[in-house]
Amino acid sequence: MTERRLPRWSELRPLVRTRGLELDATKRRLDRALTIADLRMIAKRRTPRAPFDYTDGAAESEVTLRRARSLYNRLQFNPSILRDVSHVDPSTTILGRPSAYPFAFAPTGFTRMMQHEGEQAVVRVAERTGIPYALSTMGTTSIEDVAAAAPNADKWFQLYIWTDRAAGKDLLDRSMAAGYTTLVLTVDVPVAGARLRDVRNGMTIPPSLTPKTILDMGMHPAWWMNLLTTEPLTFASLSDWPGTVAELINHMFDPTVTFDDLAWMREAWPGSLVVKGIQNVDDARKVVDLGADAIVLSNHGGRQLDRAPIPLAMVPEVVDAVGDRAEVYVDTGVMTGADIVAACALGARAVLIGRAYLYGLMAGGERGVQRAVEILAGELTRTLQLLGVRDLGELNRSHVTLPAVTF
Ligand SMILES: Cc1cc2nc3c(=O)[nH]c(=O)nc-3n(C[C@H](O)[C@H](O)[C@H](O)COP(=O)(O)O)c2cc1C
């Protein structure tokens, strides 16, 4: 029988913790987010359904994205013990330039629609952190304004090949003049993927004012206020478009593009060239033969072909095939810093992250993007320490076991 007594105040006093009330609501909100999944939940609450779903969603049944995330969750880490991991260096070089971490911000279209601070907020965080940032052709801030917002960031420009080749060449010239180091040619959008959430939500850019959206203003007043009182939402690289994103893509993009166009691009762009959207070893070899400095194994975050290959699963084979001639990056489904470590252990030089920073942006603007980086960097560093690894050079395939891909 346990004997009980009343506690004395002198015993209770040291246990009492009064946390100062945080008056800054954004900080309060972001401090509560411990994972990218937490940021996603905050983003979902604060953003109208159509822009949230545009970001969060994928194509058709969304199976591609689910499979990619599932492989990250099912892989096994194999740690080594009794290493001195008091100091861990997570930095690397990407295309010969220093990067504080082995990840970069992927190009994402319409970033100012998700949250009004948009591309400039994201590139500023990239500059402060010391990682690359890729501006999309479908960006909502101009090439020059992004450059001015973060003059010292390592800036990449992502291009889609359009039917109007001269317009594309003009974008290359502007990027070069504005100091962008790298061209990312995205090759997995010959036509638009079927993003059914967008169709169901009737999403247009800019968002249309309909009875449904007007009702939504009551639920997300801050988002609407920011949208309607800041620079109107237009494309920075192309003219306005009154229809849906899929209609825009199918109108502007050229489905006749072939490897010859890549050869032309290599001629036209003297900086680093990255080809994004590679999904098999043969294509990886072909684009490296044509002069790509790096490739991104990617299925566009599951937003194009449904039931596409899982990019992470292709890393070892593709690194073995072209890794001595080009850097290999991977994206799609990365939600944690540990995911990034796993990809690097399998041989990827770096990982591109898309939704992870967009959830941060929607949760709290520039500070939300910063919070996303803090979360990823913290997880990444801790995972290296728990694996018994002091820097990325010590990381190798023995640290990760991939399960067989079963469907
Ligand atoms: C909202 C959104 C917009 C995107 N827009 C572009 C784009 O304009 N150009 C491009 O090459 N990729 C685009 N992507 C794909 C990303 O660059 C990247 O491949 C993908 O987001 C990686 O998957 P993750 O979001 O799971 O990290 C977009 C992705 C999202 C989520």
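Definitions and limits used
- Residues numbered from 1 in each chain as written.
- Predicted model: local features only at pLDDT ≥ 70, side-chain atom pairs only at ≥ 80, totals over all residues.
- Heavy atoms only, no water.
- Helix = DSSP H or I, 4+ residues; strand = E, 2+ residues; numbered from the N terminus.
- Buried < 20%, exposed > 50% of the residue type's maximum accessible area, 1.4 Å probe, protein only.
- Contact = heavy atoms within 4.5 Å.
- Areas by Shrake-Rupley, 256 points an atom, 1.4 Å probe, with all protein chains shown as cover.
- Lys, Arg positive; Asp, Glu negative; His and termini not counted.
- Charge placed at Lys NZ, Arg CZ, Asp CG, Glu CD.
- 1 Å grid on protein atoms, 1.4 Å probe; cavity = no way out; pocket = protein on both sides within 12 Å on 5 of 7 lines; lining within 4 Å.
- Points joined across faces, edges and corners; volume = space filled by probe spheres on them.
- Nonpolar A, V, L, I, M, F, W, Y, C, P; charged D, E, K, R; others polar.

What follows deals with the overall build of the chain. Summing up its helical and strand segments, the chain has 18 helices and twelve strands in all. Each principal axis of the C-alpha atoms in the chain carries an extent, and together these give about 85 × 55 × 45 Å. Sorting the 407 residues of the chain into buried and exposed places 54% on the buried side. A separation threshold of at least 6 residues defines the contact pool for the chain, and within that pool the share at least 24 residues apart is 75%. Accessible area for the chain stands at about 18,700 Å²; split by element, carbon and sulfur atoms hold 55% of it. Counting 46 positive and 47 negative side-chain charges, the chain places the averaged centre of each group 9 Å from the other.

Empty space among the atoms becomes visible once a probe the size of a water molecule is rolled across them. Overall, the coordinates contain two cavities of 30 Å³ or more when judged by the stated rule. Size it by volume and the largest cavity reaches roughly 460 Å³. If you trace the largest cavity, you find 32 residues lining it, with Pro 107, Thr 108, His 300, Arg 303 and Gly 354 closest to the centre. Those elements that place two or more of their residues in the lining of the largest cavity are α4 (49-56), α5 (63-74), α13 (245-252), β11 (350-353) and α18 (355-387). Residue contributions to the lining of the largest cavity peak at three residues, all from α18. Looking at the lining of the largest cavity residue by residue, the class counts come to 15 nonpolar, eleven polar and six charged. Taken together, Leu 159, Tyr 160, Ile 161, Trp 162, Asp 164, Arg 165, Gly 168, Lys 169, Trp 264 and Met 265 make up the full set of residues lining the second largest cavity. Residue contributions to the lining of the second largest cavity peak at three residues, all from helix α9 (residues 165-177).

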